[in-house]
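Structural description and commentary
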Amino acid sequence: MAATPAPPAAPPKPTWDPRKPVPPFPWLRPTIRIRLTLLYGGMFLIAGIVLLSIIYLLAAQALNVGSDLPFRIVEGKVTSEICNLPDQASPSSFNSAMNECVNEQRRHALDNLLSRSLLALLGLAVIAFAFGYAMAGRVLSPLGRITRTARAVAGSDLSRRIELDGPDDELKELADTFDDMLERLQRAFTAQQRFVGNASHELRTPLAINRTLLEVHLSDPNAPVELQQLGKTLLATNERSEQLVEGLLLLARSDNQIVERKPVDLAEVASQAIDQVHAEADAKGVEIRGRREPAVVRGNGVLLERIALNLVQNAVRYNVPEEGWVEVSTEIQHGQAVLVVSNTGPIVPAYEIDNLFEPFRRLRTERTGSDKGVGLGLSIVRSVARAHGGHIFAQPREGGGLVMRVTLPI
């Protein structure tokens, strides 16, 4: 008897984060509305500064600061409440004092003009930026409608349309193009789901008939041993085909947005899934453990139970031969309900994670026969999670196995 080869060494723990990275300085990337506002306001501010400079230069040239008086004092007495003029002085000293007094008044007039103009420019700049912000919002409002519609479509609501009114400009052309694209996508998805649903329903009847006939023949005690063995093989194949059909039906159903939602406790759902898999886990020697705290979400109870059942079944079936365990936990974290299923098992490379969620794909195999399932389990889990507005993240576990984390809004 050949010795069992040693399991390969565990790969290093991946450093990638499945969550969307957050930019380090989000305030350094202003929105297009802020950028347009800065553009409009900045252009007005530059134009105001240039205009203010021209007015100041023209006023300074008109006042001619630093020039002599256009008149002379020959004799007589002049008094002033503003300037400090000498009572007794020669005409030349008196004219010099008058020149200094008038030039001081000119400089005071220019400074007053500059200060008042700067205050007026500041007020107009505030008005200009506010007006630019309002105008940018009005110009970009169609883009806001496009963005909201795109987000609704991302939530599997392909029936949403922009239907933008207004003149036939570039934004309306973009909105109409987006509506046409959504129309084609909706037709394609509807046709695909209709085909899968119809094909699955049509396959149910002959499979049920085959199962009934095989069970009738197997119940005959006088049937030959070879015929009974063949019947058991065909019955197992027929059962796998029925599982495939049920999986296709569930996958086609879960691709749609959940309309009717009711309060569902993930802890109760996980406990029911564990009860269904407990016998299989005992037969394989796999221990199921974990702490399940209340985590109530709004959704479809049958589909949410399918999430827990598929994850727990995969964790039990793809486990180590001896001393394996599966840990199932539920809790509330950061305003979301979280279901975590981790297990021991074979080494799973990080680059194989995304392939596990594709239909009919398994680890290092594709579209191959297996007694462990039909290859739709994780595809159904991801589809149901998305239909409920949630996500599923998978991460290789050190030493082998996987850590499956499902987050759902509460």
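The structure under discussion appears in the preceding block.
I will try to describe carefully the structure that is included in this document. Since the model is a prediction, treat every value here as computed from it, not as a measurement. Residue indices begin from 1 for each chain and proceed along its sequence in written order. pLDDT decides what is reported in this predicted model: residues at 70 or higher carry local features, side-chain atom pairs at 80 or more are listed and counted, and totals for whole chains, interfaces and linings draw on all residues regardless. To obtain the side-chain values, all non-hydrogen atoms of the structure were included, while hydrogens and water were left out.

1. Observations concerning the overall build of the protein
We apply this condition: Helix numbers and strand numbers start at the N terminus; a helix is a DSSP run of H or I with at least 4 residues, a strand a run of E with at least 2. The cut-offs for exposure are 20% and 50% of the maximum accessible area for each residue type, with area from a 1.4 Å probe on protein chains only; residues under the lower value are buried, those over the upper are exposed, and the others partly exposed. Each accessible area is a Shrake-Rupley result for a 1.4 Å probe, and residues are judged covered by the shown protein chains and nothing else.
Within the protein one finds eight helices and nine strands. With 410 residues in all, the protein has 32% of them scored as buried. Summing over all exposed atoms, the protein offers an accessible surface of approximately 26500 Å²; the carbon and sulfur share of this is 58%.

2. A word on the sheet that holds strand E2 (residues 286-289)
Note the following rule: Here, a strand pair is defined by DSSP locating no fewer than two bridges between the strands. Whenever a helix is involved, its axis is fitted only over the stretch in contact; in every case the axis is a line through C-alpha atoms, and angles between N-to-C directions fall within 0 to 180 degrees. Every residue pair with non-hydrogen atoms within 4.5 Å of one another is taken to be in contact.
Here we have five strands laid out as an open sheet, ordered E2-E4-E5-E9-E8, and mixed in their pairing. Of all strands in the sheet, those with a lone pairing partner are E2 and strand E8 (391-396), marking the two edges. Strand after strand, the sheet turns through a mean of 15° between neighbouring axes, direction not considered. Pairing of strand E5 (residues 336-343) with strand E9 (residues 402-409), which is carried by seven bridges, proceeds in the antiparallel orientation. When the sheet's bridge partners are listed, Val338 is paired in E9 with Thr407. Relative to the sheet, helix H6 (residues 301-317) contacts E2, strand E4 (324-333), E5, E8 and E9, its axis offset from that of E5 by approximately 20°.

3. Concerning the packing of aromatic side chains
Cut-off, in case you're wondering: Pairing of aromatic rings covers Phe, Tyr and Trp, the last counted by its six-membered ring, and requires centre-to-centre distances within 6.5 Å; plane angles under 30 degrees mean stacked, over 60 mean edge-to-face, and any other angle means tilted. Only when the NZ atom of a Lys or the CZ atom of an Arg is both within 6 Å of the ring centre and within 35 degrees of the ring normal do we say a charge sits over the ring.
Summed over all chains, the structure comprises zero aromatic pairs. Stacked on the ring of Trp325, the Lys or Arg Arg289 has its end atom at 4.2 Å from the ring centre.

4. Concerning the pattern of salt bridges
Side chains bearing opposite charge may pair, as long as their charged atoms lie close to each other. Selection criterion: Salt bridges are defined by distance alone: a side-chain nitrogen of Lys or Arg within 4 Å of a carboxyl oxygen of Asp or Glu.
The full count for this structure, using the stated rule, is four salt bridges. Salt-bridge contacts for Glu183 lead to Arg161; the nearest nitrogen and oxygen are separated by 2.8 Å. Of this pair, Glu183 sits in helix H3 (residues 170-218) while Arg161 sits in the loop between helix H2 (91-154) and H3, placing them 22 residues apart in sequence. What makes Glu183 partly exposed here is its relative accessible area of 33%. With a closest N to O distance of 3.6 Å, Arg187 and Glu183 form a salt bridge.

5. Regarding helix H5 (residues 266-284)
Put simply, the test is: Helix span is expected to be 1.5 Å times the residue number reduced by one. Consider a residue and the seven residues that end there alongside the seven that start there; fitting an axis to each set, the bend is the angle between those axes. What qualifies as a polar contact is a pair of N or O atoms within 3.5 Å, subject to a donor-acceptor requirement within protein and to the restriction that residues adjacent in sequence count only when both atoms come from side chains.
With 19 residues, H5 ought to run about 27 Å at 1.5 Å a step, and its terminal C-alpha atoms sit 26 Å apart, in line with that. In H5, a bend of some 50° at Val277 exceeds every other bend along the element. Every buried residue of H5 is accounted for by Leu266, Ala267, Val269, Ala270, Ala273, Ile274, Val277 and Ala281. Residue Asp265 occupies the N-cap position of H5, its side-chain oxygen lying 3.1 Å from the main-chain nitrogen of Ala267. Immediately beyond the C-terminal end of H5, within one or two residues, lies Gly285, with a positive phi of roughly 70°.

6. Structural notes on the pairing of strand E3 (residues 296-299)
Side chains of E3 alternate between two faces, with Val297 and Gly299 buried and Val296 and Arg298 left unburied. With four bridges connecting them, strand E1 (residues 262-265) and E3 associate as antiparallel partners. Counted as the bridge partner of Lys262 is Gly299 from E3.

7. With respect to a positive patch on the surface
Going by this rule: In this scheme, patches are assembled from residues that exceed 30% relative accessible area and form no salt bridge. Like charges are connected within 9 Å, while nonpolar side chains (Val, Leu, Ile, Met, Phe, Trp, Tyr) are connected within 5 Å. In this tally Asp and Glu are treated as negative and Lys and Arg as positive; neither His nor the chain ends contributes. By convention, the point assigned to a charge is CZ for Arg, NZ for Lys, CD for Glu and CG for Asp.
Together, Arg145, Arg148, Arg151 and Arg160 make up a region of like positive charge exposed at the surface. With respect to the helices, strands and loops of the structure, Arg151 is situated in helix H2. Overall, Arg151 belongs to the exposed group, its relative accessible area being 64%.

8. Describing the pairing of E9
Sheet topology places E8 next to E9; six bridges connect them, and they run antiparallel. Bridge pairing in E9 places Gln395 opposite Val403.

9. Points about helix H8 (residues 377-387)
Here H8 lies mainly inside the structure; eight of its eleven residues are buried. Along H8, the positions that sit buried rather than exposed are Leu378, Ser379, Ile380, Val381, Ser383, Val384, Ala385 and Ala387. The first or second residue beyond H8 is Gly389, which carries a positive phi of 80°.

10. Brief notes about the side chain of Thr330
Mapped onto the elements of the fold, Thr330 is located in strand E4. We classify Thr330 as buried; its relative accessible area is 1%. Polar contacts involving the side chain of Thr330 include one to the main-chain carbonyl oxygen of Glu293, which spans 2.8 Å. When residues no more than four places from it in sequence are discounted, the contact partners of Thr330 are Leu266, Ala267, Ala270, Arg291, Arg292, Glu293, Val338 and Leu339.

11. Quick look at the environment of Leu249
With respect to the helices and strands, the residue Leu249 is situated in helix H4 (residues 225-254). In this structure the C-alpha to C-alpha distance between Leu249 and His201, which are 48 residues apart in sequence, comes to 8.1 Å.

12. Remarks on the packing of H5 against H6
Rules: With respect to orientation, any angle under 35 degrees is reported as roughly parallel, any angle over 145 as roughly antiparallel, any angle of 65 to 115 as roughly perpendicular, and every other angle as oblique. Note: crossing handedness is left-handed where the near helix turns anticlockwise from the far helix by less than a right angle, and right-handed where it turns clockwise. When residues are grouped by polarity, Ala, Val, Leu, Ile, Met, Phe, Trp, Tyr, Cys and Pro land in nonpolar, Asp, Glu, Lys and Arg in charged, and all others, Gly among them, in polar.
Between H5 and H6, the least distance of the axes is 8 Å, while the angle of their chain directions is 20°. Here H6 runs roughly parallel to H5, going by the angle between their axes. Helix-helix and strand crossings are classified by hand; for H5 and H6 the assignment is right-handed. Between H5, through Val269, Ala270, Gln272, Ala273, Gln276, Val277, Glu280, Ala281 and Lys284, and H6, the contact on the second element is made entirely by Leu304, Glu305, Ala308, Leu309, Val312, Gln313, Val316 and Arg317. Taken together, the residues that form the contact of H5 with H6 break down as ten nonpolar, three polar and four charged.

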